[in-house]
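# Summary of structural features
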Amino acid sequence: SSSTTQAPSSTVALPTVSAVSCARFAKDCEQCFAHNCRYCRTSPEDWSFINGEPPSIIDYACLSKTWQCIDLQQLRPDVVSVEAIAYNGCGNLLPPKGPTTRLTTTTTTKEVEVIQSEGHPWWPAEWGIVVWTAIAILGGFALLLCCYLGHRCRRRLQRVHVLPQSALDSRIFKTKASVKWDFARAGVVSEGDLEAAKKALEAALTQAGGPARCLTFWASNCLRVPVLSELDRMLLRFPSLTLSLDADWKRADDATLAQLAKVLMKHRDRCKFRTVGGQTLQLPVATVTTLNSLGESFSGHHEVDKVVFEKGPKDAEACRVALGQLRLTSQEMIFNRQNLGDMGCSLACGFVRPWGSRLQIARLVECGVGDLGISFLARLLAHARQPAVNLKELNLSANKFGDRGMAELADALPMLDSLEKLLLERNKIGPMGAQALASRLSRSNVRELVLGTHLGGNPIGPVGVQALARGLNDALPRAAANRETRLEALALEDCQVGEEGAKALAEHLSQSALMALSVARGQLTDEDATAILLALPKSIAFLDLSGNQLSDLTASIAGETLYKRSGMSISLAANFLSPTIKMLLAEEHGTRLRL
């Protein structure tokens, strides 16, 4: 058996190299150790290198440190004897004898796996910059060729299929014996594609008695303004041509939607959306002006029942508009707890505009409508071609509009001759919005104005209450405006009335025609409440003072007021009244005084 001598470990940190890199230094002992490799002496004869004469055949091998010299007996079938050379023994080595042995090509599976795992490079080390440049040029040429062939194949697949009209299109257009030109596999449609279709239409539709043609487009066609303009001209030129449009328009831009609205308005009976079966029309985020025009164009398309907008970056959820319920009656516009937003409100106002003069009730409660949406609602009600002169109730509770939207709405009040009920609680109306409302209130027929309820109010503050109080003296302006009714109910609950607001109300209440007044949760003291109780008009029937900081003093004055006014009731609930005064007042006035 052969004996082996292990080489001492080196203390010098040298770079790690792979097994194949070490094999290059099989003839150079010093370079082998310089590259942190292991140097071995081998022989195909059974011999002892320590004792006796050297064998007749001697060879040397350089291995990675992950291998031992003894492993060569397994990796190389022609190695019988092996000896590890010490790193300081390079000067005493005998020259190789016999043919030089190399790494056999019939290595074991274990050797191959080890070499692959140690990162053997897949390119020859002799490749220079010239070779790499040539490879890069050839690779670029091959890439361009593949792109060209792919483009040719894609264009070859972009074809328009001619099919008989489907049953769905027949129900939508109410036509028979029509031929459908399907652009589903045409990709992005350009003006050049329509030129080819126009030439084919000229040849097909000029034949007398030929079937009508229906061009069917899909979301993948990405119709833009030039294409829609060309389709508009084609519809004008070919009276028997119709368009079947996809319900997905999320990739359209604002200009495309504006052009689409024009095409739909001009060709209502010849342009239809494939929304049968409960499919929803999908729209992107767009400007409210464009959506208002688009909504008006939808009024003549009965196939559009629901519209959903793409979710914006600041939206908690996507805005939705149910248009089908608006078609059931032309006298009501009701949206309760639907996330319309400004976009949905603008689209709904445009949809209702053709019959806006017949509206009697408009309710948009908890719909997330802001100032922009309210401005379009005001235009619908007062500044449209047919103002809503028959509107009796306008409920905009629990939305998001503020002073700007209130100013727009106030400007519309003089045009709404039949409006009697205006509900605006739980919004963001401030002092400026209250002042704008007060300046127009006297020239309207509003009987009930609600700015706050037990659910919430508006931050109009003392300044806004002062402006509304001055508007209570509306006898002369109303007579000058030839108005029949005056304000009869005013709800200012949770509107931050305060001391200054209470003084303004006390100053102008006697000149009003109010029958009901609520200043609950108005931050009032006994002095403020007393001033209001002493200034009540003769027409008053109910006063709400609940939720303030009132004591027994106000309760006593309220009891005296009830003695003088037999048909009046007062609420003093949630105040600081003693049990004794509560019991006395309850016995004297019963249900007329709510404690």
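The rules we used
Residues numbered from 1 in each chain as written. Predicted model: local features only at pLDDT ≥ 70, side-chain atom pairs only at ≥ 80, totals over all residues. Heavy atoms only, no water. Helix = DSSP H or I, 4+ residues; strand = E, 2+ residues; numbered from the N terminus. Buried < 20%, exposed > 50% of the residue type's maximum accessible area, 1.4 Å probe, protein only. Pairing = 2+ DSSP bridges. Axes fitted to C-alpha atoms, helices over the stretch in contact; angles between N-to-C directions. Contact = heavy atoms within 4.5 Å. Salt bridge = Lys/Arg side-chain N within 4 Å of Asp/Glu carboxyl O. Disulfide = S-S within 2.5 Å. Core = buried A, V, L, I, M, F, W, Y, C linked by side-chain atoms within 4.5 Å. Parallel < 35°, antiparallel > 145°, perpendicular 65-115°, else oblique. Nonpolar A, V, L, I, M, F, W, Y, C, P; charged D, E, K, R; others polar. Phe/Tyr/Trp six-rings, centres within 6.5 Å; stacked < 30°, edge-to-face > 60°.

What follows covers unusual backbone geometry. In this model, Arg426 sits at a positive phi of 60°, which is unusual for a non-glycine residue. Structurally, Arg426 is set in the loop between strand 15 (421–423) and helix 14 (431–441). A relative accessible area of 24% means that Arg426 is categorised as partly exposed. Its identity is not glycine, yet Ala574 carries a phi of approximately 60°, on the positive side. Locating Ala574 in the fold gives a position in the loop between strand 20 (569–571) and helix 20 (579–589).

One open sheet holds the three strands; their spatial order is 2-1-3, and the pairing between them is antiparallel. Looking at the sheet topology across the chains shown, the edges are occupied by strand 2 (59–64) and strand 3 (81–84). In this sheet, adjacent strand axes meet at a mean angle of 30° when their direction is disregarded. Of the pairings in the sheet, the one linking strand 1 (residues 37–43) to strand 3 comprises four bridges and is antiparallel in character. Residue pairing across strands places Thr42 opposite Val82, the latter belonging to strand 3.

With that settled, consider the environment of Leu72. Examined against the element boundaries, Leu72 turns out to sit in helix 3 (residues 72–75). Judged by relative accessible area, which is 0%, Leu72 ranks as buried. Taking the C-alpha atoms as reference, Leu72 lies 7.6 Å from Val82; in sequence the two are 10 residues apart. Setting aside chain neighbours within four positions, we find Leu72 in contact with Cys40, Thr42, Ala61, Leu63, Val79 and Val82.

Glancing now at the pattern of salt bridges. Enumeration over the complete set of coordinates arrives at 15 salt bridges. Of the charged contacts in the structure, one is a salt bridge between Asp246 and Arg274, with a shortest N-O distance of 3.3 Å. Remark: Arg274 occurs in the loop between strand 8 (271–273) and strand 9 (281–283) and Asp246 occurs in the loop between strand 7 (241–245) and helix 9 (254–266); sequence separation between them is 28 residues. A relative accessible area of 13% places Asp246 in the buried class. Exposure remark for Arg274: the relative accessible area of 9% places this residue in the buried category.

Enumeration according to the criterion identifies four disulfides in this entry. Two residues share a disulfide in this structure: Cys29 and Cys90, whose sulfurs sit 1.9 Å from each other. The sign of the -60° torsion about the S-S bond sets the Cys29-Cys90 disulfide as left-handed. Of this pair, Cys29 sits in helix 2 (residues 29–34) while Cys90 sits in the loop between strand 3 and helix 4 (109–117); the two residues are 61 residues apart in sequence, bridging distant segments of the chain.

Glancing now at the environment of Gly547. Structurally, the position occupied by Gly547 is in the loop between strand 19 (542–544) and helix 19 (552–564). Given the relative accessible area of 29%, Gly547 is considered partly exposed. The spacing of Gly547 and Val519 is 28 residues in sequence and 9.0 Å in space, taken between C-alpha atoms. With near-sequence residues (within four places) excluded, Gly547 lies in contact with Arg521, Ala573, Ala574 and Asn575.

Let's shift gears to the nonpolar core. In terms of nonpolar packing, the biggest core is built from 126 residues, with Leu283, Phe298 and Leu424 touching the most fellow members. In terms of residue count, the dominant contributor to this core is helix 11 (residues 341–352) (seven residues). With sequence-adjacent residues up to four places away left out, Phe298 is seen in contact with Leu264, Phe273, Leu281, Leu283, Val304, Val307, Leu323, Arg327, Leu347 and Phe351. Membership of the second largest hydrophobic core comes to 12 residues, among which are Cys22, Cys32, Cys37 and Cys90.

Take the environment of Thr42 next. Here Thr42 is to be found in strand 1. Each C-alpha atom of the pair Thr42 and Ile70 lies 9.6 Å from the other, and the pair is 28 residues apart in sequence.

It is worth spelling out the packing of helix 14 against helix 15 (residues 461–470) at this point. One can describe the packing of helix 14 onto helix 15 by two numbers: an axis separation of 8 Å at closest approach and a directional angle of 5°. Considering their axes alone, helix 14 and helix 15 lie roughly parallel with respect to each other. Between helix 14 and helix 15, the residues in contact are Pro431, Ala434, Gln435, Leu437 and Ala438 and Val463, Gly464, Ala467 and Leu468, respectively. By residue class, the composition of the contact of helix 14 with helix 15 is seven nonpolar, two polar and no charged.

Counted under the stated rule, the structure contains five aromatic pairs. Ring centres of Tyr39 and Tyr60 lie 5.6 Å apart, and the angle between their planes is 10°; this geometry places the pair in the stacked category. Linking Tyr39 in strand 1 with Tyr60 in strand 2, this pair joins segments that are 21 residues apart in sequence. Across the pair, exposure class does not vary: Tyr39 and Tyr60 are buried alike. The interplanar angle of 85° and the centroid separation of 6.0 Å between the aromatic rings of Phe273 and Phe298 together place this pair among those described as edge-to-face.

Take it as geometry only, folks, not as evidence of what the structure does.
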